[in-house]
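Chain by chain, the residues:
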Amino acid sequence: MPNISKLSRYLKAANVKDGDTIKFMDAGSIVEKESQGKTRQALEMNVIYKGDTKIYSPNMQSQGLLAEKWGDETEEWVGKEAKLYVMPTPNGKDKTIIAKPAEKTVDPEYED
């Protein structure tokens, strides 16, 4: 049966569940986006989500959380994983994705 969430190139809050993960595939690029008659700059990055390549545009809160752990240069984020959380936007009408660096867990059986 077709899964319509796979049709979108963009990672959307409506398709994400708390605790899902993404893997950053490139350093991204800054693009111009228009919304409500205003133009703004946004970071767009290719990520792997559930085996599919998606475009993820981290919001300022996510950028801050990721940069705090991995640095401001997004080249350093490539190959790293982030855990996703869906939160309401300030207006309460929409939802947004918050990305936090994923913590690697070590199986104690294999720990040195």
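Note: the structure precedes this text.
Because the structure is a prediction, the values reported are computed rather than measured.

**Student:** Help me understand the overall build of the chain in this model?
**Tutor:** When its secondary structure is counted, the chain shows one helix and six strands. Each helix and strand of the chain, placed in order from N terminus to C terminus, yields the pattern β-β-β-β-α-β-β. Going through the 112 residues of the chain one by one, you find that 29% of them count as buried. Pairs at least 24 residues apart make up 50% of the contacts formed inside the chain by residues separated by at least 6 positions. Per element, the accessible surface of the chain, about 8100 Å² overall, is 49% carbon and sulfur.

**Student:** Would you mind showing me how to read the layout of surface pockets here?
**Tutor:** Sizing a probe to match a water molecule and rolling it over the atoms shows the empty space that remains. For the largest pocket, the calculated volume is near 850 Å³. Contributing elements (two or more residues each) for the lining of the largest pocket: β2 (29–35), β3 (38–49), β4 (52–56), α1 (60–70) and β6 (95–101). In terms of residue count, the dominant contributor to the lining of the largest pocket is β2 (five residues). Partitioned by chemical class, the residues of the lining of the largest pocket number 13 nonpolar, 11 polar and six charged.

**Student:** Teacher, can you tell me more about a negative patch on the surface here?
**Tutor:** Judged by side-chain charge, D72, E73, E75 and E76 come together as a negatively charged surface patch. Within the element layout of this structure, E75 appears in the loop between α1 and β5 (81–88).

**Student:** Any chance you could explain the packing of aromatic side chains here in plain terms?
**Tutor:** The description of two aromatic rings rests on the distance between their centres and on the angle between their planes. Counted by the stated rule, this structure contains three aromatic pairs. Measuring from ring centre to ring centre gives 5.9 Å for F24 and W70, while their planes differ by 80°; the resulting arrangement is edge-to-face. Separated by 46 residues along the polypeptide, F24 in strand β1 (residues 21–24) and W70 in helix α1 bring together distant segments of the chain. Both residues of the pair, F24 and W70, count as buried. Ring geometry for F24 versus W77: centroids 5.8 Å apart, planes at 65°, classification edge-to-face. Of this pair, F24 sits in strand β1 while W77 sits in the loop between α1 and β5; the two residues are 53 residues apart in sequence, bridging distant segments of the chain. Of the aromatic side chains, those joined through ring pairs into one cluster are F24, W70 and W77.

Reading the values: the criteria
- Residues numbered from 1 in each chain as written.
- Predicted model: local features only at pLDDT ≥ 70, side-chain atom pairs only at ≥ 80, totals over all residues.
- Heavy atoms only, no water.
- Helix = DSSP H or I, 4+ residues; strand = E, 2+ residues; numbered from the N terminus.
- Buried < 20%, exposed > 50% of the residue type's maximum accessible area, 1.4 Å probe, protein only.
- Contact = heavy atoms within 4.5 Å.
- Areas by Shrake-Rupley, 256 points an atom, 1.4 Å probe, with all protein chains shown as cover.
- 1 Å grid on protein atoms, 1.4 Å probe; cavity = no way out; pocket = protein on both sides within 12 Å on 5 of 7 lines; lining within 4 Å.
- Points joined across faces, edges and corners; volume = space filled by probe spheres on them.
- Nonpolar A, V, L, I, M, F, W, Y, C, P; charged D, E, K, R; others polar.
- Patch = residues over 30% accessible without salt bridge, like charges linked within 9 Å, V, L, I, M, F, W, Y side chains within 5 Å.
- Salt bridge = Lys/Arg side-chain N within 4 Å of Asp/Glu carboxyl O.
- Lys, Arg positive; Asp, Glu negative; His and termini not counted.
- Charge placed at Lys NZ, Arg CZ, Asp CG, Glu CD.
- Phe/Tyr/Trp six-rings, centres within 6.5 Å; stacked < 30°, edge-to-face > 60°.

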